[in-house]
Amino acid sequence: MFNLILFGPPGSGKGTQSDKLVEKYGLVHLSTGNLLRKEMAEKTPLGIEARSFIDKGQLVPDEVVIGMVDSYFDQHKDAPGFLFDGYPRTVAQAAALDRLLDLKKTSIELVLFLQVDEDELIRRLVHRGKTSGRSDDTDEAVQRKRQEVYRNETLPVAAYYDKQEKVVNIHGTGTVDDIFRSLCDVIDKKSK
Ligand code: AP5
Ligand code: MG
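It should be emphasised that the depicted structure is a prediction, and the values quoted were computed from it without experimental measurement. (Residues numbered from 1 in each chain as written. Chains lettered and ligands numbered in written order. Predicted model: local features only at pLDDT ≥ 70, side-chain atom pairs only at ≥ 80, totals over all residues. Heavy atoms only, no water.)

(A) Expanded view of the sheet that holds strand β4 (residues 108-115). A sheet is described by the order of its strands in space; here five strands give the open sequence β2-β3-β1-β4-β5, paired in parallel fashion. Looking at which strands have only one partner, the edges of the open sheet turn out to be β2 (28-31) and β5 (167-171). The average angle at which neighbouring strand axes cross in this sheet is 20°, direction not considered. Relative to β5, β4 runs parallel, the two being bridged by five bridges. For Val-111, the partnering residue across the bridge sits in β5 and is Val-167. Where helix α4 (residues 62-75) meets the sheet, its contacts fall on β2 and β3 (82-85), and the angle it forms with β2 comes to roughly 165°. (Pairing = 2+ DSSP bridges. Helix = DSSP H or I, 4+ residues; strand = E, 2+ residues; numbered from the N terminus. Axes fitted to C-alpha atoms, helices over the stretch in contact; angles between N-to-C directions. Contact = heavy atoms within 4.5 Å.)

Here it is as C-alpha cells:
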C-alpha cells in the first residue's frame, strides 16, 4: 500500500489536487469533508450532528470522524493505497490513523503540505462560496474561524509528522497544473 496525506489549510487546494492525484495514481480518495457533507445531505444522525459544528467553522468531534474513517477503510479492503484529504486534522486523529494503519500492517509514506498565505486562502474561499453551495463558504467570519481553528488544532499535526520525517512542503500558489507537477515529482521520487 502507498498512503499519502495531502495537508494544508482550508482553501489550499487539497480537494482540487486530490482529484488529479487519485486519477493518476489509482489511490482511494478519503476526504472527511466530503464524507461529512454526504451525511449532511442525507440528514443522517451523524450528518445532523456534524452540521452544528461545520456551519460554525469548528471541527467535528474526534470520535465521530475517527469512527467514520475506520468504517470507510473497512469498506475499501482492496485499495492499493489511500489519499487522505482533510484528515487527520488533530493530533488525536493522527495517532488514531497511525494505530489503524499499523493494524493493517501499513503506514503513511508522505505528507505533502500545501503552503498558501491566508489572504489568498480567504480570496479563494470567498470566490468558491459564490457557486459551491457549501454552508461553511458563504460567511467570511466562518471562513476566518476555520483558518483560526486550523492554526490552533490542525497545524500541530504537521509537527507530529515532521518528527517522523515525512513532511514535504509544496509551494501552493500558481497554476493548478504547476502545483500538480510539483506534487507528482515528490511522489514519483518516493515511490521509486
Ligand atoms: P473540508 O471539506 O476538509 O474543508 P477544508 O479543509 O476546510 O478545505 P476546503 O475543502 O475548504 O479547501 P481545499 O484545501 O480542499 O481547497 P479546494 O481544492 O477546494 O472540511 C470542512 C469542514 O468539515 C471542516 O471545517 C470541519 O468542520 C469538518 N471536518 C472535515 N474533516 C474533519 C476532520 N478530519 N475532523 C474534524 N472535522 C472535520 O480549493 C479552494 C478553492 O480554491 C476552490 O474554489 C478552487 O477552485 C480554488 N483553487 C484551487 N487551487 C487553486 C490555485 N492553484 N489557484 C487558484 N485557485 C485555486
Ligand atoms: Mg476540500
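Okay, back to it.
(B) Spotlight on the packing of aromatic side chains. Enumeration according to the criterion identifies six aromatic pairs in this entry. Note on Phe-73 and Phe-82: the rings are 4.4 Å apart at their centroids and 20° apart in plane angle, and the pair reads as stacked. For Phe-73, a relative accessible area of 4% translates into the label buried. A ring pair is formed by Phe-82 and Phe-84, whose centres lie 5.8 Å apart and whose planes are at 25°; its orientation type is stacked. (Phe/Tyr/Trp six-rings, centres within 6.5 Å; stacked < 30°, edge-to-face > 60°. Buried < 20%, exposed > 50% of the residue type's maximum accessible area, 1.4 Å probe, protein only.)

(C) Summary view of helix α1 (residues 14-25). Between its terminal C-alpha atoms α1 stretches 16 Å, which fits the 16 Å expected from 12 residues at 1.5 Å a residue. For α1, every residue scored as buried is listed here: Lys-14, Gln-17, Ser-18, Leu-21 and Val-22. Each buried residue of α1 lies within a common arc of 135° when the element is viewed along its axis, so the set occupies one face. Just downstream of α1, Gly-26 is the residue with a positive phi angle, here 65°. (Expected span 1.5 Å × (residues − 1). Arc of directions from axis to C-beta.)

(D) Geometry of helix α3 (residues 45-54). Among the residues making up α3, those that are buried are Gly-47, Ala-50 and Ile-54. With its buried residues spanning 65° around the axis, α3 presents them on a single face. Among the exposed residues of α3, those pointing more than 90 degrees away from its buried face are Pro-45 and Ile-48. Of the surrounding secondary structure, the elements contacted by the buried residues of α3 are α2 (32-41).

(E) View of the site of ligand 1. Not every one of the 30 residues close to ligand 1 is listed here, only the nearest: Thr-16, Gln-58, Arg-89, Arg-128 and Arg-146. In the model, an oxygen atom of ligand 1 is placed 2.5 Å from a nitrogen or oxygen of the Thr-16 side chain. Between ligand 1 and the protein, one listed contact pairs a nitrogen atom with a backbone N or O atom of Gly-86 at 3.1 Å. Expressed as a share of its isolated accessible area of 1,000 Å², the protein-covered part of ligand 1 is 87%. Applying the majority rule of atoms within 2 Å of the grid points places ligand 1 in the largest pocket. (Near = heavy atom within 4 Å. Polar contact = N/O pair within 3.5 Å; in protein donor to acceptor, adjacent residues only side chain to side chain. Areas by Shrake-Rupley, 256 points an atom, 1.4 Å probe, with all protein chains shown as cover. 1 Å grid on protein atoms, 1.4 Å probe; cavity = no way out; pocket = protein on both sides within 12 Å on 5 of 7 lines; lining within 4 Å. Sits in = over half its atoms within 2 Å of the grid points.)

In short, the description is geometric, and any link to function would need to be established separately.
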